[in-house]
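# Architecture and fold: a report
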Amino acid sequence: MTIRLPDFQGGLRSYEPRPEPLAIATGTPFTSRTVFSAAHVVADPLDDVSPDSAAAVDWEATLAFRRHLWSHGLGVAEAMDTAQRGMGLDWAGAAELIRRSAAEAKAVGGLIACGVGTDQLAAGSLAEVRAAYEEQLALVEASGARTILMASRALAAAAQGPEDYLDLYGHLLRQSAEPVILHWLGPMFDPALEGYWGSADLDAATDTFFEVIAAHPDKVDGIKVSLLDARREIDIRRRLPQGVRCYTGDDFNYPELIAGDEQGFSHALLGIFDPLGPLAAEAVRVLDTGNAAGFRELLDPTVELSRHLFQTPTRFYKTGVVFLAWLAGHQAHFTMVGGLQSARSLPHFTRAYELADGLGLFPDPKLAEERMKNLLSLYGVDQ
C-alpha cells in the first residue's frame, strides 16, 4: 500500500499508510472527567441546494455518528460551532438537529448538551436578543437535554458594555430550569465575537464573566473556555466557585488541561474529539485509573493533528473534521452544508490524512487510502 502525496515543493513523494488501525473497543462512561465531543453534521449531497439555501442534512448518517461517539462513552455537545452553527446550519436546521439528537440520546442513554444561541437574528435590539435566546432555551429544555449558553454575535453587536451582558445573562440564568454551561468562544473561532463580555481587554472581559457566575453559582454547571490560551484557562479554572466546572475548549493544549495539576483539572468539550473520539475515550479511561502519564502518552501525539486542523483561519477547522470523518468511513462523501468543503487547500488535506493515518485513526486504512487517492485525482494528482 503506497500513495503519492504532494511534497509541498511542486512534486510528489511516496507515502506508505499504516497497515493496521489503532485497536480500541467501545466502553462505558468515564469516572474522573466529564467529556463532550462537539459533533459535526453530515450533509445530504443528493439534495439540490446552493450555499445560500437552507442546509440539506443526512439525518441518519448524522445520528449514526452520534451513536458512534456515545458507544465510546463520550457525551455529545450538539448544535455547536462544530455543527456549523452560523456557517451553513441555520436556526431551523439546528432546532431539528437538537430535537432529533436529544430523542436519540434518550433512546440509547447517551449524554447530550445542546447549544442555545441567537442565530435567528442577523442583528437586533437587546430585547430581541433576549427573546431569541429564550426561544432556543425553551426548545432545548423541552427536549430534555442540558443547556450550553453560547456566545451571541447579535449580543456582541447590540451590547454597549459589560452591564448589558450582566443583565441579559442574569435574566437567562434566573429562568433556566437546570444549571447551564456558559460558553466563551474567542474571536479566532468567530471574528464577530471580538470584545465579548463588553471589552476587548481579556482581563476586563474575564472579570465580567466571573460577575455573571458569582451572581448565579447555583445556575452554572460549568464554563467552556475556547480562547486557545492554556495559561488563561488555568487562571480562570482556579478562580471558579466550588462546584462550577471548567470544560476546556482549547484544541491546542487539551492534554495538559484535562490532566490538570495539583490545584485542579479541566473537564472537556472539544471539537477535536469528533475525529479523535475512540482514542480520546481510551486516554480518559487510562486517566480514570489515576495513570496521568499513560493518558498523556496516548493523547499528546494527537496535538500536532489538532493544531493542524485548527490552524488560522481557525473557524474553518470543521472542514478538516468532516474530511477525516469521510476518510474514516463515517459518511459516504466529502460534502458539507454551505459548501464548506472548499474552505481548505489540498496541501492541508494531505497533511491531515498523513497525521491521522499515523495515529491509527482510520478503522479501514485501505478505504482511507482509496478515498484520499480519489480526492487527489480531482485535483489532477495522478497515482
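Residues numbered from 1 in each chain as written. Predicted model: local features only at pLDDT ≥ 70, side-chain atom pairs only at ≥ 80, totals over all residues. Heavy atoms only, no water.

A word on the overall build of the protein. The helix and strand inventory of the protein stands at 14 helices and 10 strands. Relative to the compact-globule value of 21 Å for 383 residues, the protein shows a C-alpha radius of gyration of 20 Å, a close match. With respect to the three principal axes, the spread of C-alpha positions in the protein is 60 × 50 × 45 Å. When each of the 383 residues of the protein is scored for burial, the buried share is 57%. Total accessible area on the protein is roughly 15000 Å²; 49% of this is exposed by carbon and sulfur atoms. (Helix = DSSP H or I, 4+ residues; strand = E, 2+ residues; numbered from the N terminus. Rg over C-alpha atoms; globule rule 2.2 N^0.38 Å. Buried < 20%, exposed > 50% of the residue type's maximum accessible area, 1.4 Å probe, protein only. Areas by Shrake-Rupley, 256 points an atom, 1.4 Å probe, with all protein chains shown as cover.)

Right, let's get into the packing of helix 2 (residues 91-108) against helix 3 (residues 126-143). Put simply, helix 2 and helix 3 touch, their axes get as near as 9 Å, and they point 20 degrees apart. Considering their axes alone, helix 2 and helix 3 lie roughly parallel with respect to each other. Helix 2 and helix 3 meet at a crossing whose hand is right-handed. Of the residues in helix 3, those in contact with Trp91, Ala95, Ile98, Arg99, Ala102 and Lys106 of helix 2 are Glu135, Gln136, Leu139, Val140 and Ser143. Residues belonging to the contact of helix 2 with helix 3 are distributed by class as follows: 6 nonpolar, 2 polar and 3 charged. (Axes fitted to C-alpha atoms, helices over the stretch in contact; angles between N-to-C directions. Parallel < 35°, antiparallel > 145°, perpendicular 65-115°, else oblique. Left-handed = near helix turned anticlockwise from the far one by under 90°. Contact = heavy atoms within 4.5 Å. Nonpolar A, V, L, I, M, F, W, Y, C, P; charged D, E, K, R; others polar.)

Attention shifts here to unusual backbone geometry. In this structure, the amide linkage connecting Thr312 to the following residue, Pro313, adopts the cis form with an omega of -5 degrees. Of note, Pro313 is situated in the loop between helix 11 (303-309) and helix 12 (317-327). Backbone geometry places Leu228, a non-glycine residue, at a positive phi of 55 degrees. If you trace the backbone, Leu228 turns up in the loop between strand 8 (220-226) and helix 7 (230-239). Among the residues examined, Leu228 registers a relative accessible area of 18% and is labelled buried.

Before going further, it helps to examine the nonpolar core. The biggest cluster of nonpolar side chains holds 116 residues, and the ones touching the most others in it are Tyr169, Leu182, Tyr196, Ile223, Phe273, Phe323 and Tyr353. Contacts of Phe273, omitting those with residues within four sequence positions, involve Val35, Phe36, Ser37, Leu69, Tyr254, Ile258, Ala268, Ala280 and Leu299. Counting 10 residues, the second-largest nonpolar core is a separate cluster that includes Ala38, Ala77, Ile148 and Leu269. (Core = buried A, V, L, I, M, F, W, Y, C linked by side-chain atoms within 4.5 Å.)

As for its placement among the helices and strands, Asp288 is situated in helix 9 (residues 277-288). Separated by 257 residues in sequence, Asp288 and Thr31 have C-alpha atoms that sit 5.9 Å apart. Apart from residues no more than four positions distant in its own chain, Asp288 is found in contact with Phe30, Thr31, Ser32 and Arg33. Among the polar contacts listed, one links the side chain of Asp288 to the backbone nitrogen of Thr31, at a separation of 3.1 Å. (Polar contact = N/O pair within 3.5 Å; in protein donor to acceptor, adjacent residues only side chain to side chain.)

Moving on: the packing of aromatic side chains. Per the counting criterion, the structure on display carries 21 aromatic pairs. Of the aromatic side chains, those joined through ring pairs into one cluster are Tyr133, Tyr165, Tyr169, Trp184, Tyr196, Trp197, Phe209 and Phe210. Above the ring of Phe265, the side-chain terminus of Arg33 is found at 3.5 Å from the ring centroid. The lysine or arginine in question, Arg239, covers the ring of Phe210, its NZ or CZ lying 4.2 Å from the ring centre. (Phe/Tyr/Trp six-rings, centres within 6.5 Å; stacked < 30°, edge-to-face > 60°. Lys NZ or Arg CZ within 6 Å of the ring centre and 35° of its normal.)

Attention now moves to the packing of helix 3 against helix 5 (residues 162-175). In contact at an axis separation of 11 Å, helix 3 and helix 5 are set at 30 degrees when each is read in the N-to-C sense. Comparing their axes, helix 5 and helix 3 come out roughly parallel. Our pair here, helix 3 against helix 5, has a crossing hand that is right-handed. Residues Leu126, Val129, Arg130, Tyr133, Glu134 and Leu137 of helix 3 touch helix 5, and the partners they reach there are Asp164, Leu168, Tyr169, His171, Leu172 and Gln175.

So, on to the pairing of strand 7 (residues 180-185). Within a regular beta strand, the side chains point alternately toward one face of the sheet and then the other, so they alternate between its two faces. Most of strand 7 sits out of view: 6 of its 6 residues are buried. Here strand 7 shows no split at all, with Val180, Leu182 and Trp184 on one side and Ile181, His183 and Leu185 on the other all buried. Pairing of strand 7 with strand 8 involves 6 bridges; the strand directions are parallel. Bridge pairing links Trp184 to Val225 in strand 8. On the question of chirality, the crossover connecting strand 7 to the parallel strand 8 by way of helix 6 (residues 202-215) is right-handed. (Pairing = 2+ DSSP bridges. Right-handed = clockwise from strand over helix to strand, strands pointing away.)

So, about the sheet that holds strand 10 (residues 267-270). Pairing in this closed barrel of 8 strands is parallel, and the strands run 3-4-5-6-7-8-9-10 around the ring. Across the sheet, the mean angle separating the axes of adjacent strands is 25 degrees when strand polarity is ignored. Inspection of the sheet shows strand 8 paired to strand 9 (residues 245-248) by 4 bridges, in the parallel sense. In the sheet register, Val225 faces strand 9, and the bridge partner there is Thr248. Against the sheet, helix 1 (residues 59-71) engages strand 3 (35-38), strand 4 (75-78) and strand 5 (112-116), with an angle of about 140 degrees to strand 4. Strands strand 5 and strand 6 (146-149) of the sheet are contacted by helix 3, whose axis makes an angle of about 165 degrees with strand 5.

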